[in-house]
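Observations on the model geometry
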Amino acid sequence: MSAPEGHPQRSTISHRGRSSVPVANSNTDGKDVPEFEPFGLMPRGPPPLKEFLDIWDVNMLNQPNEINKRNHHTHLYATENLIVRRGQEFQIRITFDRPYKPTQDHFLVEFVIGSYPQVSKGTYIPLRVDEELSGSWRGRVVQTMDNMVTVGITPAPDCIVGRFRMYVAVITPYGIRRTQKDPSRDVYILFNPWSPADTVFLNDEAERDECILNESGIIFYGEASDISVRPWNYGQFEYGVLDACLQVMDRATMPLVNRGDAVKVARMASAMMNSKDDDGVLVGNWTGDYFYGVAPTSWTGSVEILLDYANSNQGVCYAQCWVYAGVFNTFLRCLGIPARVVSNFYSAHDNDGNLRTDIILDENGKVDKERTKDSIWNYHCWNECYMARTDLPQGFGGWQVVDATPQETSDGLYRCGPASVHAIKHGQVCYPFDAPFIFAEVNSDVVFYQRNKNGTLEPVRVNKSHVGRMVLTKDIGKESARDITSQYKFAEDTEEERTVLQKAEEFGCSRIQSTLPPADVEMKASVQDVMVGNDFQLSLEFRNQSDSHRTTNVYISGNVVYYTGVTSSEFILKTQNVTLKPFESKVVIVDVKSQEYLRKLVDQANLHFIITGRVDESGQIITAMHVVSLHTPKLSIKVSGTARVSEEMLVTVEFTNPFKFNLEDVSVRMEGPGLMLAKKKQYSLIPTNSTLTWTESFKPRRSGQAWLMASLDCQALRQVYGRLRK
């Protein structure tokens, strides 16, 4: 097993000799702007400024029930500061020492971000409230009343996304007099999927609400014929999460000038969500040993992870694909980029970058485990984000794949995407970024090779429909799955599919060219739903499609596997002789006892059966594969008390150990967006048939429905979840 990735030290090189000032790459850095900035040399003593405007107060109109946050759909963010979206007007109210006279009074509203602010870089915006003189940012006087002036400000639809310092400055003949630096006047500017001028504009209200405003969700796992769900608290509006997301960009030393480009932000974040090579957010671990951190199956949301990273500046332990995808989803939604988590069932990860997943058989048709290196993940989670792709030809915008799970390097870093889903479907894998890798994840063939006595490999069986069997995401406004497979690929064996594969081959995606005759004996494997710890039956259905007798000796190999398809251990190996009359169908039942697999289980309790054999009369190879995703018991969640904002309520989590063995060192977590931050409790022992009961109090922080979710996790039992809608 490979060790979890570490935390390499990043070296820095001076800007000297390359630029006059360092590249601004931190949202938090910034020197104070002087309160008085003279236009030239000044006589001794302060200039006479009493006859000019003086600023008494600046009201940011930043309360959740006021115009700005409501109009900008930012009222859910748990921060006192004003949060707005670019390309859309917001208002501030300035109180002067006397009534404002437009013909003789001149003032600016200045926005500054980072160090060494420059107009040309978009890091310093001096905004005149005069529409004739405005640039890409626009300002106007909305209303004047006595000494108060309400100003409307519209940020450019492509401006930098981040936290800007804001000043109000009065222009006098002697210089500029401005307000003091005040963090309470800082303005967060986000991407705006409600604005047609923004590259992340999503013109579907229901989908926009789902992919921006929904702060809880479900992530699908298991195997294609037996789907399970795990709840996830994205929590993009919780206190501190927005600052943590901006800090991720700072840690990446991403230049501020690039932070208005959604493509560059998403690509940067796909690298920074993992700590493989750049001090990122999450440390991956697939070994099963989580002593120095939290088991990936124990997490129930992103908030705890992001806040831990922001406070420690170290990668949080541990993650696997759905954790990367869940935290990445929070990052994207928090900054205003529409995003969703996607699960690809039977996701190929081959070792030589082609469109084949190779399984090697010996002379008798038995799997050669030593020479079979490729793996097929039972499922793999990634993200899609919605944006225009102005860097690509027209038609390749919309949903883009981004994947933070560190699998392969891209331009020297472990990252993937954004890659156009439309380009993947149509085989246009020449367009950036990383489209060939994603294309292979959903389109690879499973090729069975027989190893001959002379060491050569001969393809004997090809399964073209196993990989990319189903691609799912959460349905819009529902707690159910939405099948989006057709957005990634055309139906099998259609003219469109053949054209796409030919196109992909032109761009370097090779695939097996051999046309193999179909076997006249078909074999299928199936299993009914199985609970962890139960005996079950593997059903093998044989069908002779010829008019002659057929005899075959099949090898039945049952393996405990990680969800990545990597084998941990073989727990069953049987042979079965089957004789079939012409056109006969026959079902063979293989009994599997719990004691054969239970003590060998690893994370996520997956069993993988590979059945292979040779037909004696024809010499043809027959194969079947089936993954059994063992089900786990559920947590019970109950809530009591009056559901009112800021009034105390109680939540109780219950779990009964149904197994014949004790559960040791058990971790239980619960949380809910807008209800309670993550809480954790440890239990040293849950004896067989005993019940765990944990009650906690919480106070809802805002009105409306929300989800409570909980997990139970220990070495012997993973993926135990529960959720309840309040």
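Everything quoted here is computed from the prediction, not taken from an experiment. (Residues numbered from 1 in each chain as written. Predicted model: local features only at pLDDT ≥ 70, side-chain atom pairs only at ≥ 80, totals over all residues. Heavy atoms only, no water.)

A few words now on the overall build of the chain. In terms of helices and strands, the chain carries 10 helices and 40 strands. Relative to a compact globule of 726 residues, whose C-alpha radius of gyration would be 27 Å, the chain shows 30 Å and is just as compact. Reported as C-alpha extents along the three principal axes, the dimensions of the chain are approximately 110 × 60 × 45 Å. Buried positions account for 55% of the 726 residues belonging to the chain. Once local pairs closer than 6 in sequence are excluded, the contacts in the chain between residues at least 24 apart make up 69%. Carbon and sulfur atoms make up 47% of the accessible area of the chain, which amounts to about 30,800 Å² in all. (Helix = DSSP H or I, 4+ residues; strand = E, 2+ residues; numbered from the N terminus. Rg over C-alpha atoms; globule rule 2.2 N^0.38 Å. Buried < 20%, exposed > 50% of the residue type's maximum accessible area, 1.4 Å probe, protein only. Contact = heavy atoms within 4.5 Å. Areas by Shrake-Rupley, 256 points an atom, 1.4 Å probe, with all protein chains shown as cover.)

Moving on, we come to the sheet that holds strand β33 (residues 621–629). The 4 strands lie next to each other as β30-β29-β32-β33, forming an open sheet whose pairing is antiparallel. Pairing within the sheet leaves two strands with one partner each, and these edge strands are β30 (567–580) and β33. Averaged over neighbouring strand pairs, the angle between their axes works out to 15° when direction is ignored. Here 10 bridges tie strand β29 (residues 550–561) to strand β32 (residues 606–615), and the two strands are oriented antiparallel to one another. Within the sheet, the bridge partner assigned to Ile556 lies in β32 and is Ile611. (Pairing = 2+ DSSP bridges. Axes fitted to C-alpha atoms, helices over the stretch in contact; angles between N-to-C directions.)

Residue Tyr318 is bonded to the preceding Cys317 through a cis peptide linkage, with omega at 10°. By secondary structure assignment, the location of Tyr318 is in strand β15 (residues 316–319). A cis amide bond links Gly417 with the next residue in sequence, Pro418, at an omega value of 5°. One can find Pro418 in strand β22 (residues 416–420). One non-glycine residue, Tyr346, lies in positive phi territory at about 65°.

Where helix α3 (residues 241–251) meets helix α6 (residues 321–335), the closest approach of the two axes is 10 Å, and the angle between their N-to-C directions is 105°. The pairing of α3 with α6 is recorded here as roughly perpendicular in orientation. Residue-level inspection shows Val241, Leu242, Cys245, Leu246, Val248 and Met249 of α3 in contact with α6, the latter providing Thr330, Phe331, Cys334 and Leu335. The class makeup of the residues in the contact of α3 with α6 is 9 nonpolar, 1 polar and no charged. (Parallel < 35°, antiparallel > 145°, perpendicular 65-115°, else oblique. Nonpolar A, V, L, I, M, F, W, Y, C, P; charged D, E, K, R; others polar.)

Next up on the list: the packing of helix α4 (residues 262–272) against α6. The description of two packed helices rests on the angle between their axes and on the distance between the axes. Direction vectors running N to C along α4 and α6 enclose 155°, while the axes themselves pass 11 Å from each other. Considering their axes alone, α4 and α6 lie roughly antiparallel with respect to each other. Crossing of α4 over α6 shows right-handed handedness. Contacts from Val265, Ala266, Met268, Ala269 and Ser270 of α4 reach α6 at Phe328, Phe331, Leu332 and Leu335. Across the contact of α4 with α6, the residue classes tally to 8 nonpolar, 1 polar and no charged. (Left-handed = near helix turned anticlockwise from the far one by under 90°.)

On to α3. With respect to burial, α3 is a largely interior element, 8 of its 11 residues being buried. Listing the buried residues of α3 in full gives Val241, Leu242, Ala244, Cys245, Leu246, Val248, Met249 and Asp250. Among the structural elements, β3 (82–85), β9 (162–171), β11 (187–190), α4, α5 (303–312) and α6 are those in contact with the buried residues of α3. Just downstream of α3, Thr253 is the residue with a positive phi angle, here 50°.

For the rest of this paragraph, the subject is the state of the cysteines. Counting across every chain of the model gives 0 disulfides. Residue Cys159 stays outside any disulfide, its sulfur separated by 16 Å from that of Cys334, the closest cysteine. In this model Cys245 remains outside any disulfide bridge; the closest cysteine sulfur is found in Cys334, 4.0 Å from its own. Overall, Cys245 belongs to the buried group, its relative accessible area being 0%. (Disulfide = S-S within 2.5 Å.)

Turning next to the pairing of β22. A regular strand places its side chains on the two faces of the sheet in alternate fashion. For β22, the buried fraction is high: 5 of the 5 residues fall into the buried class. Pairing analysis gives 3 bridges linking strand β19 (residues 398–403) to β22, with the strands arranged antiparallel. Residue pairing for β22: Gln400 is matched across the bridge by Ser420.

A few words on the side chain of Ser420. Assignment of secondary structure puts Ser420 in strand β22. At 3.1 Å, the side chain of Ser420 and the backbone nitrogen of Ala423 are in polar contact. Among residues more than four places away in sequence, those in contact with Ser420 are Arg389, Leu392, Phe396, Trp399 and Gln400. (Polar contact = N/O pair within 3.5 Å; in protein donor to acceptor, adjacent residues only side chain to side chain.)

Turning next to the UniProt feature "active site" (unreviewed entry) in the chain. Listed under "active site" (unreviewed entry) in the UniProt record, and renumbered for this structure, are Cys321, His380 and Asp403. Sequence-wise these annotated residues cover 83 residues; spatially they are packed, their C-alpha atoms never more than 9.8 Å apart. As for its position among the elements, Cys321 is in helix α6. In this view, Cys321 contacts Trp286, Trp377, Tyr379, His380, Cys381, Thr405 and Tyr563; residues no more than four positions away in its chain are not counted. Topologically, Asp403 is positioned in strand β19. Residue classification places Asp403 among the buried residues on the basis of a relative accessible area of 2%. A distance of 2.7 Å separates polar atoms of two side chains, one belonging to Asp403 and the other to His380. (UniProt positions renumbered as here; feature names shortened; annotations may be inferred.)

A few words now on the nonpolar core. Phe331 and Leu335 are the most contacted members of the largest nonpolar core, which totals 85 residues. At 11 residues, α6 tops the list of elements feeding residues into this core. Apart from the residues lying within four places of it in its own chain, the contact partners of Leu335 are Val161, Leu190, Phe191, Leu242, Cys245, Leu246, Met249 and Val265. If you look at the next biggest cluster of nonpolar residues, it comprises 58 residues, including Val578, Leu580, Val590 and Leu598. (Core = buried A, V, L, I, M, F, W, Y, C linked by side-chain atoms within 4.5 Å.)

Turning our eyes to something else, we now look at the environment of Glu215. You can see Glu215 is positioned in the loop between α2 (205–213) and β12 (216–223). C-alpha of Glu215 to C-alpha of Leu76: the two residues are 139 residues apart in sequence and 10.0 Å apart in space. Setting aside anything within four residues of it in sequence, one finds Glu215 in contact with Trp232, Asn233, Tyr234, Gly235, Gln236, Phe237, Pro673 and Arg702.

As a further point, take the pattern of salt bridges. With the rule as written, the count across this model stands at 34 salt bridges. Here Arg718 makes a salt bridge to Asp603, at a shortest N to O gap of 3.5 Å. Taken together, the residues span a long stretch of sequence, with Arg718 in strand β40 (residues 717–725) and Asp603 in the loop between α10 (594–597) and β32 at a distance of 115 residues. With relative accessibility at 9%, the residue Arg718 sits in the buried group. With relative accessibility at 7%, the residue Asp603 sits in the buried group. Taking the shortest distance from any N to any O, the salt bridge between Lys679 and Glu696 comes out at 3.3 Å. (Salt bridge = Lys/Arg side-chain N within 4 Å of Asp/Glu carboxyl O.)

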